[in-house]
Amino acid sequence: MTFTEWFIFFLVIQLIHFLGTWKLYVKAGRKAWEAAIPIYNANVLMGIIKRPKWWAILLFIPIVNLLMFPVIWIETIRSFGFRKKVDSFLVLVTLGFYIFYINYATDAKYNSDRKLKPQSELGEWVSSITFAIIAATLVHTYFMQPFTIPTSSLEKSLLVGDYLFVSKFHYGARVPSTVIAAPMVHDSLPFTGTASYLKKPQLPYTRLPGLQKIKNNDIVCFNWPTDSLATMWGDTSGKFTYKPVDKKTNYVKRCVAIAGDSLELKNGYVYINGKKNELPYRAKLQFYYTYEAKSDINQNTYPKFLLKNERTGVYKISNEFWNDERVQKAFKESANLSKIGSDSLYTELAGGVSQSLANRLNMTKVANKININLTEEEVTRLKKSPLTVSVKKVNHGADNTIFPHIDSNQWSQDNFGPIYIPKAGITVKIDAESLPYYKQIIKNYENNDLQVVGDNIFINGEKTDSYTFKQDYYWLMGDNRHNSLDARYWGYVPFDHVLGKPVMVWFSWDANAASFGEKIKSIRWDRMFTTVHGDGEPVSYRYIVLVIIALYFGYSFYKGKKKKVEKK
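Residues numbered from 1 in each chain as written. Predicted model: local features only at pLDDT ≥ 70, side-chain atom pairs only at ≥ 80, totals over all residues. Heavy atoms only, no water.

Draft legend 1. How the structure looks around the side chain of Asp87. Inspection of the secondary structure puts Asp87 in helix H5 (residues 85-93). Although Asp87 lies buried, it forms no salt bridge, and the closest oppositely charged side chain, Lys84, sits 6.2 Å away as judged by the N-O distance. Apart from residues lying up to four places away in sequence, Asp87 is in contact with Ile77, Phe82 and Tyr98. (Helix = DSSP H or I, 4+ residues; strand = E, 2+ residues; numbered from the N terminus. Buried < 20%, exposed > 50% of the residue type's maximum accessible area, 1.4 Å probe, protein only. Lys, Arg positive; Asp, Glu negative; His and termini not counted. Salt bridge = Lys/Arg side-chain N within 4 Å of Asp/Glu carboxyl O. Contact = heavy atoms within 4.5 Å.)

Draft legend 2. Structural view of the environment of Asn448. Relative to the helices and strands, Asn448 is located in the loop between helix H12 (435-445) and strand S15 (450-453). Of the residues examined, Asn448 reaches a relative accessible area of 9% and is grouped as buried. Separated by 10 residues in sequence, Asn448 and Phe458 place their C-alpha atoms 9.9 Å apart. Excluding its chain neighbours within four sequence positions, the residues that come into contact with Asn448 are Ile442, Lys443, Ile459, Asn460, Tyr467 and Lys470. Looking at Asn448, its side chain comes within polar contact range of the main-chain oxygen of Ile442, at 3.0 Å. A polar side-chain atom of Asn448 sits 3.5 Å from a polar atom in the side chain of Lys470. (Polar contact = N/O pair within 3.5 Å; in protein donor to acceptor, adjacent residues only side chain to side chain.)

Draft legend 3. Fine view of the packing of aromatic side chains. Tallied over the full model, the rule gives 34 aromatic pairs. Between Phe222 and Tyr251 the ring centres are 5.9 Å apart and the planes differ by 50 degrees, which places this aromatic pair in the tilted class. With Phe222 in strand S5 (residues 218-223) and Tyr251 in strand S6 (residues 250-257), the pair connects residues that are 29 residues apart, well separated along the chain. With respect to class, Phe222 is no different from Tyr251; both count as buried. (Phe/Tyr/Trp six-rings, centres within 6.5 Å; stacked < 30°, edge-to-face > 60°.)

Draft legend 4. Region of interest: the pattern of salt bridges. Inspection of every chain in the model, using the stated rule, returns 12 salt bridges. In this structure, the salt-bridge partner of Lys215 is Asp218, at a minimum N-O distance of 3.9 Å. Ionic pairing is found between Arg254 and Asp479, a salt bridge with its closest N-O pair at 2.8 Å. One end of the pair, Arg254, is in strand S6; the other, Asp479, is in the loop between strand S19 (473-477) and helix H13 (487-490), and 225 residues separate them in sequence. Residue classification places Arg254 among the buried residues on the basis of a relative accessible area of 2%. Look at the salt bridges and you will find they share partners, linking Arg51, Glu75 and Arg114 into a network.

Draft legend 5. Structural view of the confidence of the model for the chain. This prediction gives the chain a mean pLDDT of 83; 83% of its residues lie at or above 70. Here residues 309-320 is a poorly scored stretch, pLDDT under 50, and it has 44 contacts once near neighbours within four places are set aside; other chains count. Low confidence marks residues 346-353, where pLDDT is under 50. Its contacts with residues over four positions away, or in another chain, come to 46 contacts. (pLDDT = per-residue confidence, 0-100.)

Draft legend 6. Examining the sheet that holds strand S13 (residues 416-420) more closely. Across the sheet, 4 strands lie side by side as S9-S8-S7-S13; this open sheet has antiparallel pairing. Pairing within the sheet leaves two strands with one partner each, and these edge strands are strand S9 (275-276) and S13. Bridge analysis of strand S7 (residues 262-266) against strand S8 (residues 269-272) gives 4 bridges, and the strand direction is antiparallel. Looking across to S8, one finds that Lys266 is bridged to Tyr269. (Pairing = 2+ DSSP bridges.)

Draft legend 7. Main features of the nonpolar core. Among the nonpolar cores identified, the biggest contains 44 residues, and Leu263, Ile419, Tyr438, Trp475 and Tyr492 are the most heavily contacted of them. Top element by residues in this core is H12. It accounts for 6 residues. (Core = buried A, V, L, I, M, F, W, Y, C linked by side-chain atoms within 4.5 Å.)

Draft legend 8. Representation of the environment of Glu124 within the structure. In this structure, Glu124 sits in helix H7 (residues 121-142). Setting aside residues up to four positions removed in sequence, Glu124 forms contacts with Lys117 and Pro118.

Draft legend 9. Highlighting helix H11 (residues 376-383). When H11 is considered as a whole, its buried residues turn out to be Glu378, Val379 and Leu382. Along the axis of H11, the buried residues cluster in a sector spanning 105 degrees; they form a single face. (Arc of directions from axis to C-beta.)

Draft legend 10. Quick peek at the environment of Gly491. Tracing the backbone shows Gly491 in the loop between H13 and strand S20 (493-494). Once you skip the residues sitting within four places of it in the chain, Gly491 turns out to touch Phe403 and Trp475.

Draft legend 11. Representation of the packing of helix H1 (residues 3-27) against helix H2 (residues 40-48) within the structure. Axis separation between H1 and H2 bottoms out at 12 Å; the angle between their running directions is 35 degrees. Crossing geometry of H1 relative to H2 is assigned as left-handed. Where H1 approaches H2, its residues Gln14, His17 and Tyr25 are matched on the opposing element by Asn41, Val44, Leu45 and Ile48. For the contact of H1 with H2, the per-class residue count stands at 4 nonpolar, 3 polar and no charged. (Axes fitted to C-alpha atoms, helices over the stretch in contact; angles between N-to-C directions. Left-handed = near helix turned anticlockwise from the far one by under 90°. Nonpolar A, V, L, I, M, F, W, Y, C, P; charged D, E, K, R; others polar.)

Draft legend 12. The packing of helix H4 (residues 64-79) against H5, seen in detail. Here H4 crosses H5 at 135 degrees, and the two axes come no closer than 10 Å. Comparing their axes, H5 and H4 come out oblique. In this structure, H4 meets H5 at a crossing whose hand is right-handed. Residues Pro70, Trp73, Ile74, Ile77 and Arg78 of H4 pack against Asp87, Ser88, Val91 and Leu92 of H5. (Parallel < 35°, antiparallel > 145°, perpendicular 65-115°, else oblique.)

Draft legend 13. Structural detail: unusual backbone geometry. Cis geometry is adopted by the peptide bond preceding Pro404, which originates at Phe403 and carries an omega value of 0 degrees. Position of Pro404 relative to the elements: it lies in the loop between strand S12 (388-393) and S13. Residue Gly417 is joined to Pro418 through a cis peptide bond whose omega torsion reads 5 degrees. Even without being glycine, Asn460 reaches a positive phi, approximately 55 degrees. Structurally, Asn460 is set in the loop between strand S16 (456-459) and strand S17 (462-464). Asn460 sits in the partly exposed class, given a relative accessible area of 46%.

Draft legend 14. Quick look at the sheet that holds S16. The strand order S15-S16-S17 describes an open sheet built from 3 strands, whose pairing is antiparallel. Two strands close off the open sheet at either side, each with one partner strand: S15 and S17. For this sheet, the mean angle separating the axes of adjacent strands, direction not counted, is 35 degrees. Direction of pairing for S16 relative to S17: antiparallel, over a ladder of 3 bridges. Considered in S17, the bridge of Ile457 is made with Thr464. Those strands touched by H12 are S15 and S16, and its axis lies near 140 degrees from that of S15.

Okay, structure coming up:
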């Protein structure tokens, strides 16, 4: 829906409100016309139902207002004597239209002395829970949202099993475009797996002002532009359908290039505007290496210093099995969308074959060669091991799954470019050669009608040889270079897909531990309440946070006891 369509819809809602409540306004000592003036009528209504004026603000905040409307409906009918449970039920199931019945078919009387405190413990409990959900939804949608990291494309910067707080206000909170959706869940409902939202109506893209702009090497949370993992495997079954932007899969990557940059990848290393990208200290670039030992690799001969790591990415399967069609088929079939939870940031495309997969394929012989994911520092140490024959970086050849999927480019996940990162307001030449780079932008991200007829390109019905970008774009990649599904495969991320900035790890444990007891033992206390960005080793603020929490609960306990004494 356009802004004009939404404005008309808003006026229709105001008309419905006026027709359903004007008599009630009069009975409450107000003027009938006051029920018809947008925004002002909400302020007057708060006075009628004896509730704070700021409640009216919540009625105009998308998603939050879905929770507030039922509260206002119930408060309204109770202000006119309809306090029974059946009345509350009827006003909810009729989506507020029960108020029309009260307005026209009853002799309702306004109760100006209505007691606002719930009449029972159950009512008080329901009231408390309702406003706790409203407050949490407000924070979750516009300020700070919790996520988990289930996979390893930013391994050693963010670990599998990290629980993050993602700031919505750093880059500007995005007003949800999907206005009818369950609060505090993403694209599916817990347990059922069904969609948590309705595709229509949709608000036009709107974003609140941010505190800062995205910078090179920022870790950024965003919605995956290509929407479904199945598309990576050429799934054309139609099972996975288009999602609104704010309901696309949540991802997290490092922004190696921002709008206006020229990017090139050489041997896995990023070059921005011709200069090698200098990653921050906490970023640990990793690649797959083929490690060859002097004897068979087993628990006794495997390098001990690597076993101490949180996750080494070892794939104990001989390198020659990687091209076996059974391996590729089983790996592709193992792509499991269910692992992307409502609170998860999906980060990985596996770049090797796991031990469990190898076992299922009866390919368990390891011999003296394995593929292993390593940092440069680990490579240096491994080469010094007395059992080492060689440590060679895995090289990837040309791959047409690499963006923009042009065979003649001969690009690979380690070597491609240079490629321009589009910037709002910049005009580029459009022809048969350049169109593959910008087709997605023109057609899908900026919603133009794009037609190619022979050598001619038509945008919105007009023949053209140039295009001006409407928004900024970014290039996001994982530090785990050979183990990351990122921009190398699907290209640019539009700014309207940017979700927020991860700012803190508030909890962390080994998510792959075999049991809950093992997970408890694996809690990484030194990572709790550490900042995501910053220089030097992460510093945990857990003791400060725990003291603040203890003081809060202590104060609440003291306040509760004081109230009990005052009642006596």
